[in-house]
Amino acid sequence: MRRLFFGVFFSICILGFSQDRLHTSTFDLNYFKGNVALHNNDILHLIEGHPEGFILSWNKKTYGFNDWEQRFNYPDYGFSMAYQNLKNPILGNVVSAYAHYNFYFLKRRLMFRIGQGLAYTNNPYDKASNFRNIAFGSHLMSSTFVMLNYKSKPLFDGFGFQTGLSLLHYSNANVKAPNASVNTITINLGITYDLDYDNAPDYQNTLSEDDKKFTEPIKFNMVFRTGINESDFVDSGQFPFYIFSGYADKRINRKSAIQVGADVFFSNFLKELIYFRSVAYPEENVSGNEDYKRIGLFAGHELFINRSSIVTQLGYYVYYPFDFEGRTYVRIGLKRYFSKKWFGVLTLKSHGAKAEAVEFGIGLRL
């Protein structure tokens with residue numbers, strides 16, 4: 001259910017940009033082939049062959065009728081669907097759906113796409129029939145993909161081509177174990193079609209120099225996050241977690257704000273993990289009475305895109321009574337402002353490449 005909320009939340013954020021102004025649409029279809037990246041030695045036995053598949057995307061072009069479009073060099077937003085054959089019957093095949101942005105550079109010849117959504121695998125872990133698949137612990141997963149492409153202008157009747165590199169990531173963010181995850185690095189080649197290639201409006205350029213000088217005083221934020229997750233031990237149980245955060249942010253321009261704050265973590269799966277390790281691994285000298293709570297300090301950045309934003313934070317545990325995946329943590333995700341003060345947030349918390357949880361939260365900015 002958390003992964004469903006994540007996909008729906010991201011879709012709402014993107015659809016929230018749609019206006020009644022003139023926009024045009026494009027489609028692209030890309031074939032890709034590549035390799036599974038070895039980010040974890042535990043999945044070495046799962047890497048076989050060269051995974052391949054295709055990505056079909058619909059894109060809504062922008063022309064600067066809204067100020068945020070001009071600030072980000074007239075990005076596209078839209079939806080993608082992908083199919084991937086992982087070339088290993090243990091891993092099976094994956095179908096996924098995404099909401100995405102396209103950002104442009106080098107006179108709009110270089111396109112960077114980032115998408116977030118849901119994926120479905122037909123052959124997840126099963127302790128009886130598929131115990132070797134430690135990558136996917138559930139049918140439903142969250143998925144991220146990025147694409148860096150050279151994109152041609154329409155060559156004839158709205159048709160063009162694009163080519164470049166793509167990365168597809170599948171993980172259920174430790175909602176259910178096992179969850180070693182899979183990253184595929186590929187080369188892609190595709191065709192594009194512009195539905196309105198001969199009837200597109202001009203790009204608007206109406207922002208004044210004063211737009212770049214925008215600032216705000218320091219604001220204070222309070223956030224409550226929750227969700228469920230499980231330790232890496234299969235069948236150890238899914239437990240709720242609760243996170244209370246407080247931080248100050250300083251908006252330095254229309255696009256960016258910097259953040260400094262603290263988190264208090266109540267992670268109930270750690271309570272079970274501490275007890276399990278005290279019984280199963282006596283050589284680790286875990287008493288079973290260690291505190292499962294943690295406190296972290298973090299610094300972060302918020303990238304504002306209309307009423308939505310992308311949040312990245314780097315934290316360090318200053319209260320850390322039980323060792324779990326190291327003292328540093330990373331959080332990345334999405335915020336959606338419902339008003340000037342209230343916002344919703346969906347974020348992924350991880351320790352390096354090791355995901356701990358998908359966090360669903362609500363916050364107040366004063």
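Attention here is on the structure that accompanies the text. Owing to the predicted nature of the structure, the values given are computational and were not obtained by experimental measurement.

## A few points about the overall build of the chain
Now for step 1: Within the chain one finds three helices and 16 strands.
Now for step 2: Over its C-alpha trace the chain gives a radius of gyration of 22 Å, about what one expects of a compact globule, namely 21 Å for 366 residues.
Now for step 3: For the chain, the spread of C-alpha atoms along the principal axes amounts to about 70 × 55 × 30 Å.
Now for step 4: Burial status across the chain gives 49% buried among its 366 residues.
Now for step 5: By element, 62% of the accessible surface of the chain is carried by carbon and sulfur atoms, the whole surface being about 17300 Å².
Now for step 6: Within the chain, one finds 39 positive and 33 negative side-chain charges whose respective centroids are separated by 5 Å.

## Side note on the sheet that holds strand β9 (residues 219–229)
Now for step 1: Sheet architecture is closed into a barrel: eight strands sit in the order β9-β10-β11-β12-β13-β14-β15-β16, paired in antiparallel fashion. For this sheet the average axis-to-axis angle between neighbouring strands, irrespective of direction, equals 25°.
Now for step 2: Judged from the six bridges that link them, β9 and strand β16 (residues 354–365) form a sheet pairing that is antiparallel. In the strand pairing of β16, valine 223 is matched with glycine 363.

## Looking at the pairing of strand β5 (residues 110–121)
Now for step 1: In this sheet, β5 lies alongside strand β4 (residues 93–105) in antiparallel orientation, the contact comprising twelve bridges. Bridge assignment links alanine 99 to a residue of β5, and that residue is glutamine 116.
Now for step 2: Here β4 folds back onto β5, and the loop between the two strands holds four residues, one of which, leucine 106, carries a positive phi near 50°.
Now for step 3: Bridging between β5 and strand β6 (residues 140–151) involves eleven bridges; their strand directions are antiparallel. Following the sheet pairing, tyrosine 120 is matched in β6 by leucine 140.

## Re the nonpolar core
Now for step 1: In terms of nonpolar packing, the biggest core is built from 23 residues, with Leu91, Phe136, Tyr170 and Val182 touching the most fellow members.
Now for step 2: Ignoring anything within four residues of it in the chain, the contact list for phenylalanine 136 reads Leu86, Leu91, Val94, Thr121, Pro124, Tyr125, Met141, Tyr170, Pro178 and Val182.

About the thresholds
- Residues numbered from 1 in each chain as written.
- Predicted model: local features only at pLDDT ≥ 70, side-chain atom pairs only at ≥ 80, totals over all residues.
- Heavy atoms only, no water.
- Helix = DSSP H or I, 4+ residues; strand = E, 2+ residues; numbered from the N terminus.
- Rg over C-alpha atoms; globule rule 2.2 N^0.38 Å.
- Buried < 20%, exposed > 50% of the residue type's maximum accessible area, 1.4 Å probe, protein only.
- Areas by Shrake-Rupley, 256 points an atom, 1.4 Å probe, with all protein chains shown as cover.
- Lys, Arg positive; Asp, Glu negative; His and termini not counted.
- Charge placed at Lys NZ, Arg CZ, Asp CG, Glu CD.
- Pairing = 2+ DSSP bridges.
- Axes fitted to C-alpha atoms, helices over the stretch in contact; angles between N-to-C directions.
- Core = buried A, V, L, I, M, F, W, Y, C linked by side-chain atoms within 4.5 Å.
- Contact = heavy atoms within 4.5 Å.

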